[in-house]
Every structure is written in C-alpha cells, then in structure tokens.
Amino acid sequence: MVTIIENIGLLWGISPTLPTRLQGEEMRSLGKLHNCWLSIEDDYISGYGEGTPPAAADLRIDARGGAIIPAFCDSHTHIIFAGTREREFEDKISGLSYEEIARRGGGILNSAARVQKASEQELFEASSERLARMVADGTGSIEIKSGYGLTLEAELKMLRTAARLAESSPATIKTTFLCAHALPVEYRGRADEYVAMVCREWIPAVAAEGLAEFVDLFCEQGFFTTDHAARVMEAGAKHGLRAKIHANQLAFSGGVQAGVKGGALSVDHLESSGPAEIEALLGTATMPTLLPSAAFFLRAPYPPAREMIDSGLGVALATDYNPGTSPSGYMPLVLTMATVGMRMMPEEALAAATINGAYAMGLHDRGTISVGARADLALLRPMDSVAYLPYSFGENCIQGMILGGKPIV
Ligand code: NIG
Ligand code: FE
C-alpha cells in the first residue's frame, strides 16, 4: 500500500539517516523542506521531496499547505489512575508543599487507595479516554508506568490495563513497572524490607508475565534512597527489565549518579541538578528526561536544560501526565514551557519531544522524518516555522494524525 501526502507547506524533522538520539548542537540539526510531498509504503516513510509528487499511489492525502512533523514520543507518563486530585491542587495553592500533602496521606497514597478499589475495566475506560485525547493532540508513542497499585495485585492490574491499551490503541505503548513509588502506610519505617520484597517477589512476577519492559522507582528525599535504586536496578536487570528512574525532582538525591551507574536508559525530572549531574551523564547512554509541566505545576525551578545541551548532552521532554503533579498529557504546552521556561530553542524542544523521546523508550525507528522511519506523523495548521507551535501556546495546531501510515484523526 502506497500513500502520498501532498501539498505539504512545511516538512520538519528530516534526517537523511535514521538517528538514534541527538545530543548538544545536533539537537538543532534536523532539516526541513517547504512545499513538498512525502510517501509512505505500508507503515514506513519511503521518500519525500520538493516538486511534483510521484503519480502512483493507493491513497493520496492533501495536507492543504499545513506542516508535518514526527508524532510526539511521550516517554514518561502515569496515565492509568482512578479519580482526580483537585482538592490537593487547592491545598497546594493555599501553601502546602508536595511533601506535606504526601505526609498527610494525600499524593501517591491517595491515588493508590482509589486504584486498589477500581476494577480493571474502570481503569481501562478512564485511561483509554486520556490516551485517545493525547493521540488527537499529537502523540504517537507513549510510555505508561504502573506505581499507583502499591500491592502486587494492584500493580498487576495496572500493567494488564496498559497491555489492553496497547492492543486497543493505534499508538505505540511501552510499559514500565514503577515498583517503588511510595511506601504503603503499613510499611512505615520499613522501607528496606519493602524494597527487598519488591526485588525478591514482585519484579520476578511482573517479568514472568511479560507485562513490562522497564523498571522504575521514585529515588527521592522522603521516598526511596540511592541504595534502594541500586537494588531495584540490579533485580530489574536480572529479569531483563531496564531501568528508567525518577531522580532529583524534589532535592539533590544522588539519583542521577545512581541511575547512570546502574545503566538506566533514562533519568527523569532532574529539577535539582547542577554541574555534578551533568558531568555524571556526559558520555553515557542514559537520557536525561525533563518534565517541565510537573515543575510548573509544583512551582519548582525548571531543570537546567540550557546548561545540559550547551555541555553536549541530549535531553528528552515528556508530560509526566499524572493526577498529582502534571494533570495534562498535552505535549504542545510542554514545548512552550521548555522554550519559555528552560530557554530551549523551538527546534531543540521538538527534537527532545520526538527523536530523543523515542530513544528514552527504546524505540529506534521513529521520531524523525527519515526513509525507513515508522510513518507516525502529526499534521499541523499552515505555519512558516515550527517555532509557531510553542509560540502559539494554548492554540490547537494539530489537524490530523497518521500512525503507522494510517490516518487516525
Ligand atoms: O512523576 N513523583 C512521582 N510520581 C509522579 C507524581 C505522582 C503523584 O503525585 O501522584 C511524578 O511527578
Ligand atoms: Fe513521574
């Protein structure tokens, strides 16, 4: 099946060879073409160019002068949850901190109680709706974490829900077992014991069912330590689960260094980072993944994206969609926060939200416009440059989605 998209006003994200990730100055290296076409054979991009498009095609799509970019690759989300947390939102506005809310039994424990009570069907319906909205808003690949179960049974329920989402959605789903997110009340003061049980029983159980590809923990002051991180990463590696870890969101936790040492594919958040964290990441395969909407929502300082990129690092951007710290899966707004809040240039932000996000999920055939890349594309309104996307914040610029070569919306 050959599909031709014609009358493309701007095609952005071109790389003559399929890159794995972009670092430092390379983040501005993706190319563009004006007034062009793109061809798709089966699920993959087979060509693009200026001038007259090839005549033979099974399907022709008229882009009507709009722009085309690779679909977003959102590499860090918690979209499976039951119920929202506006009450805590109000508490935060009134002055309580995230840690104070968590200590009172709010936060992750609040969501965990609701996930434990919800049926798998209820979780599936609520998260399918979130996922469908994200796809309509430009996202083609998404990582989904468990972590609101806090019992093996409820974690498995979340992971099975993710598997059902993967089957039913046109988006590509990667699943992460977030095995140590918060300490259940009955384990207060016994975090070591909890982590030992997770490593001994839960990680093998999840791996045996093939329900996750990655393992994660909340390596953070007041939650889990770097020592716990090392144990979880080791147990994950033994069962074929690579680590993607939450690090340095609330404080300098040593989580970045622990993640690099344990061979994590990504270390995520990084609001509390400085030269030592940048140094630890340079020359490694670990992708720093920045979640500016979570920093915005907690009124926390943004991570030092500019310093990271200027030091030669690549960064990825993701939404962290979750009911507590980032109740939004809207990638265009993340681009605005990355540019305005973190001083990333628009093209750097787009590379971080596409090709580098794909890398942070272990996906190596998407996130760019390249021959051989999966045809996961977002069709945007006409624009002279992709800078219009973060610039026009709040405007919905997405006019259509093509995933695996097929028009979705
Ligand atoms: O990535 N901080 C850990 N997990 C989420 C927040 C979870 C919650 O508050 O429900 C995050 O920000
Ligand atoms: Fe998160």
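Residues numbered from 1 in each chain as written. Chains lettered and ligands numbered in written order. Predicted model: local features only at pLDDT ≥ 70, side-chain atom pairs only at ≥ 80, totals over all residues. Heavy atoms only, no water.

As a matter of local geometry, ligand 1 sits amid 15 residues, with Arg85, Tyr98, Tyr148, His181 and Thr325 nearest to it. One of the side-chain N or O atoms of Tyr148 is found 2.6 Å from an oxygen atom in ligand 1. Here Asp320 contributes a side-chain N or O atom positioned 2.9 Å from an oxygen atom of ligand 1. Compared with its free state, where it exposes 320 Å², ligand 1 has 100% of that area covered by protein. A class-by-class count of the residues in the shell around ligand 1 yields four nonpolar, nine polar and two charged. (Near = heavy atom within 4 Å. Polar contact = N/O pair within 3.5 Å; in protein donor to acceptor, adjacent residues only side chain to side chain. Areas by Shrake-Rupley, 256 points an atom, 1.4 Å probe, with all protein chains shown as cover. Nonpolar A, V, L, I, M, F, W, Y, C, P; charged D, E, K, R; others polar.)

A few words now on the side chain of Ser111. Note that Ser111 resides in helix α3 (residues 108–117). Setting aside chain neighbours within four positions, we find Ser111 in contact with Arg85, Tyr148 and Pro323. (Helix = DSSP H or I, 4+ residues; strand = E, 2+ residues; numbered from the N terminus. Contact = heavy atoms within 4.5 Å.)

Once that is clear, we can look at the pattern of salt bridges. Oppositely charged side chains may form a pair once their charged atoms are brought near each other. In the structure shown here, the tally under the stated rule is 20 salt bridges. Glu143 serves as the salt-bridge partner of Lys145, at 2.8 Å between the closest nitrogen and oxygen. Each member of the pair, Lys145 together with Glu143, is buried. Linked through salt bridges whose partners overlap, the residues forming this network are Arg28, Arg306, Asp310 and Glu348. (Salt bridge = Lys/Arg side-chain N within 4 Å of Asp/Glu carboxyl O. Buried < 20%, exposed > 50% of the residue type's maximum accessible area, 1.4 Å probe, protein only.)

So, about the coordination of the iron ion (ligand 2). Distances from the iron ion (ligand 2) to its protein donors, His76 (NE2), His78 (NE2), His246 (NE2) and Asp320 (OD), fall within 2.1 to 2.3 Å. Sequence spacing of the donor residues for the iron ion (ligand 2), all on one chain, is H-x1-H-x167-H-x73-D. One end of the pair, His78, is in the loop between β6 (72–74) and α1 (86–94); the other, Asp320, is in the loop between β13 (316–317) and α12 (331–342), and 242 residues separate them in sequence. The pair His78 / Asp320 is uniform in exposure class, with both members buried. (Donors = N, O, S within 2.8 Å, 3.2 Å for Na, K, Ca; no water.)

This brings us to the pairing of strand β8 (residues 172–180). Taken across its nine residues, β8 has nine buried, putting it largely inside the fold. Pairing analysis gives five bridges linking strand β7 (residues 139–145) to β8, with the strands arranged parallel. Residue pairing for β8: Ser141 is matched across the bridge by Thr172. Relative to strand β9 (residues 214–219), β8 runs parallel, the two being bridged by four bridges. By the bridge assignment, Phe177 is partnered in β9 with Val215. (Pairing = 2+ DSSP bridges.)

Relative to each other, helix α4 (residues 120–136) and helix α5 (residues 152–168) sit at 50 degrees, their axes nearing to 9 Å. Taken together, the axes of α4 and α5 lie oblique to each other. Relative to α5, the crossing made by α4 is right-handed. Side by side, α4 and α5 meet where Glu120, Gln121, Leu123, Phe124, Ser127, Ser128 and Leu131 of the first sit next to Lys157, Met158, Arg160, Thr161, Arg164, Leu165 and Ser168 of the second. (Axes fitted to C-alpha atoms, helices over the stretch in contact; angles between N-to-C directions. Parallel < 35°, antiparallel > 145°, perpendicular 65-115°, else oblique. Left-handed = near helix turned anticlockwise from the far one by under 90°.)

Okay, the packing of aromatic side chains next. Tallying each qualifying case throughout the model produces seven aromatic pairs. For the pair Tyr194 and Trp202, a centre-to-centre distance of 5.6 Å together with 80 degrees between the ring planes defines the contact as edge-to-face. An aromatic cluster of three or more residues is present, and its members are Tyr187, Tyr194, Trp202 and Phe224. Across from the ring centre of Phe81, 3.5 Å away, lies the NZ or CZ of Arg130, which sits over that ring. (Phe/Tyr/Trp six-rings, centres within 6.5 Å; stacked < 30°, edge-to-face > 60°. Lys NZ or Arg CZ within 6 Å of the ring centre and 35° of its normal.)

Here we come to the environment of Ser326. Along the polypeptide, Ser326 turns up in the loop between β13 and α12. Residue classification places Ser326 among the buried residues on the basis of a relative accessible area of 1%. Once the C-alpha coordinates of Ser326 and Leu291 are considered, the two residues, 35 residues apart in sequence, prove to be 8.8 Å apart. Setting aside residues up to four positions removed in sequence, Ser326 forms contacts with Ser293, Ala294, Phe297, Thr319, Asp320 and Tyr321. At a separation of 2.8 Å, a polar atom in the side chain of Ser326 contacts the main-chain carbonyl oxygen of Thr319.

It is worth spelling out helix α6 (residues 191–208) at this point. Compared with an ideal rise of 1.5 Å per residue, which puts 18 residues at 26 Å, α6 spans 24 Å between its outermost C-alpha atoms and is within 8% of the ideal. At Val198, α6 shows its largest kink, close to 40 degrees. Within α6 the residues assigned to the buried category are Ala191, Tyr194, Val195, Met197, Val198, Cys199, Trp202, Ile203 and Val206. Considering only its buried residues, α6 is in contact with α5, β8, β9 and α7 (226–238). Following α6 by one or two positions, Gly210 adopts a phi angle in the positive range, close to 65 degrees. (Expected span 1.5 Å × (residues − 1). Bend = angle between axes of the 7 residues up to and from the residue.)

Looking now at the domain arrangement of the chain. What the domain assignment lists for the chain is domain 1 (2–70 + 366–408) and domain 2 (72–359). On a C-alpha basis, the centroid separation for the pair domain 1 and domain 2 is 29 Å. Taken together, the 30 residues of domain 1 in the interface contact 39 residues of domain 2. Of the roughly 2,800 Å² buried between domain 1 and domain 2, counting both surfaces, carbon and sulfur atoms make up 65%. In terms of surface lost to domain 2, no three residues of domain 1 exceed Arg21, Met27 and Pro390, which account for 24% of the buried area on that side. (Domains from an automatic or database assignment. Buried area = accessible area lost by both parts, 1.4 Å probe.)

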